[in-house]
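As a plain string of letters, each chain reads:
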Amino acid sequence: MDFELTEEQKAHRKEFFEVCKELEKKRPPSFVGFEAVFEVDECWEFHLYCAKEFAKKGWLGLAWPPEYGGSGTMMDKVLFAEARGYHGIPGVDIFGVQMLAPTLLQAASDAIKKEFLPPIVQGKVMWCELWSEPNAGSDLATLATTAIKKGDEYVINGQKTWNTGAHRADWGFGVFKTDPAARKHHNITFILLDMKTPGITVRPIPYIDGGGPFCEVYFDDVHVPAKNIVGQENEGWAVVNLLAGFERSGMTEIMAMFRDLEELVKYCNETKRNGQPLARDPLIRNRVAQLACELQAARAIAYRIADLQNRNEMALMDASAAKIFYSELGKRFAFVATDIAGPYGQVKTSRWAPMHGAWEKAFQECFITIISMGTNEIQRNIIAWYGLGLPRMK
């Protein structure tokens, strides 16, 4: 692919960055890390405000077909993600806009597209993902929650867990076992459901520090219209794999690290230890330079993923490779930044905490992207099986 932006793309990128820079001035002080969107009420309200602002400009439907409210190209979508990541701006529903919408465009019926895409592009409905289960481990295909068809409805019973932002969401998308007697991978269906449906109970799972974006979701005889399926009944595994590719590309996360790198370099230049700026320590210089090199590599990978998506050529292993690289880079970044900050790197939000406690929070939360969206061990299996043609191990 050509990595040089066109003049039109440069102009779009400039506008994205200018708008996000202005929104950053309105960002609540309590907004530390993107998970604050789900954890803090005023951050959630800021997220909804940004969503409406982006919807007015048509930026929630970048790279969508015009008949569903879309405009722009896949590269515009990437540049917009860069701007939001750099300035730390929410407003794009990671589940509705980033994952579900592109999946619906490729796999849903016309009726489903017409019903569910407009509220997403208008920023009116927020979504959550209902995949993981308490006893399914890393193998999603072993899920046990059932959706048994009765007439023109599915009746859902069971439990999901580690559902990000389920306590905030209007709607959820999930996979459920619709034929308990059928063989694995051919017995689940991808279903859309209103989170206010009777029988749904959402319970937050608090972190040890009191925060936490995750929830458990219980289903007790939850009735969902049978028309709310994506793809074919019992063939939801194909929809899962399609959506997972969109979930794992990670451009926003990568660009957030570019801003963090600037802050880290500034901290090293301004902070003295033993009478010398940290930036003069050769060990620190080497570690920061290594992060900078790896970040450039991560951006190149994300650009390549966007280019593949634009040409409908993205393979399952491409998104898996990107997810492994940026999630493990995020962990290394959090560890290096916390090391460099020394004891102050362990301080939560206060006047003593560098970057308002962002490094302490990043240190504690950096494991999340390694185990979410399919653990990195699963991603390496996908690369081995589908990318390299290696045999499965029994």
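Rules used throughout
- Residues numbered from 1 in each chain as written.
- Predicted model: local features only at pLDDT ≥ 70, side-chain atom pairs only at ≥ 80, totals over all residues.
- Heavy atoms only, no water.
- Helix = DSSP H or I, 4+ residues; strand = E, 2+ residues; numbered from the N terminus.
- Expected span 1.5 Å × (residues − 1).
- Buried < 20%, exposed > 50% of the residue type's maximum accessible area, 1.4 Å probe, protein only.
- Phe/Tyr/Trp six-rings, centres within 6.5 Å; stacked < 30°, edge-to-face > 60°.
- Pairing = 2+ DSSP bridges.

(A) Layout of helix α8 (residues 251-270). In this model, α8 (20 residues) spans 29 Å end to end at C-alpha, consistent with the 28 Å of a helix rising 1.5 Å per residue. Buried within α8 are the following residues: M251, T252, I254, M255, A256, M257, F258, R259, L261, L264, Y267 and C268.

(B) The packing of aromatic side chains, seen in detail. Under the counting rule described, the total for this entry stands at 18 aromatic pairs. Ring geometry for F54 against F80: centres 4.9 Å apart, planes inclined by 90°, an arrangement best described as edge-to-face. Separated by 26 residues along the polypeptide, F54 in helix α3 (residues 41-56) and F80 in helix α4 (residues 74-87) bring together distant segments of the chain. Judged by its relative accessible area of 0%, F54 is buried. F80 gets classed as buried once you look at its relative accessible area, which sits at 4%. Relative to W171, the ring of W127 has its centre 5.7 Å away and its plane inclined at 40°; by these criteria the two rings are tilted. Taken together, the residues W127 in strand β1 (residues 127-130) and W171 in strand β4 (residues 171-177) connect sequence positions 44 residues apart. Since its relative accessible area comes to 18%, W171 is described here as buried. Connected via pairs of aromatic rings, a cluster forms that spans F116, W127, W171, F173 and F190.

(C) Structural view of unusual backbone geometry. One non-glycine residue, A63, lies in positive phi territory at about 75°. A residue is classified by how much of its surface remains accessible, and A63, at 29% relative accessible area, is partly exposed. Its identity is not glycine, yet W162 carries a phi of approximately 55°, on the positive side. Here W162 shows up in the loop between β3 (153-160) and β4.

(D) A look at the pairing of β4. Taken across its 7 residues, β4 has 7 buried, putting it largely inside the fold. Burial along β4 is two-sided: W171, F173, V175 and K177 facing one way and G172, G174 and F176 facing the other are all buried. Sheet analysis places β1 next to β4, joined by 4 bridges and oriented parallel. If you follow E129 over to β4, its bridge partner there is F173. Here β4 runs beside strand β5 (residues 188-194); their pairing, made up of 7 bridges, is antiparallel. In the strand pairing of β5, F176 is matched with T189.

Spatial relationships are all this shows, so hold off on functional conclusions.
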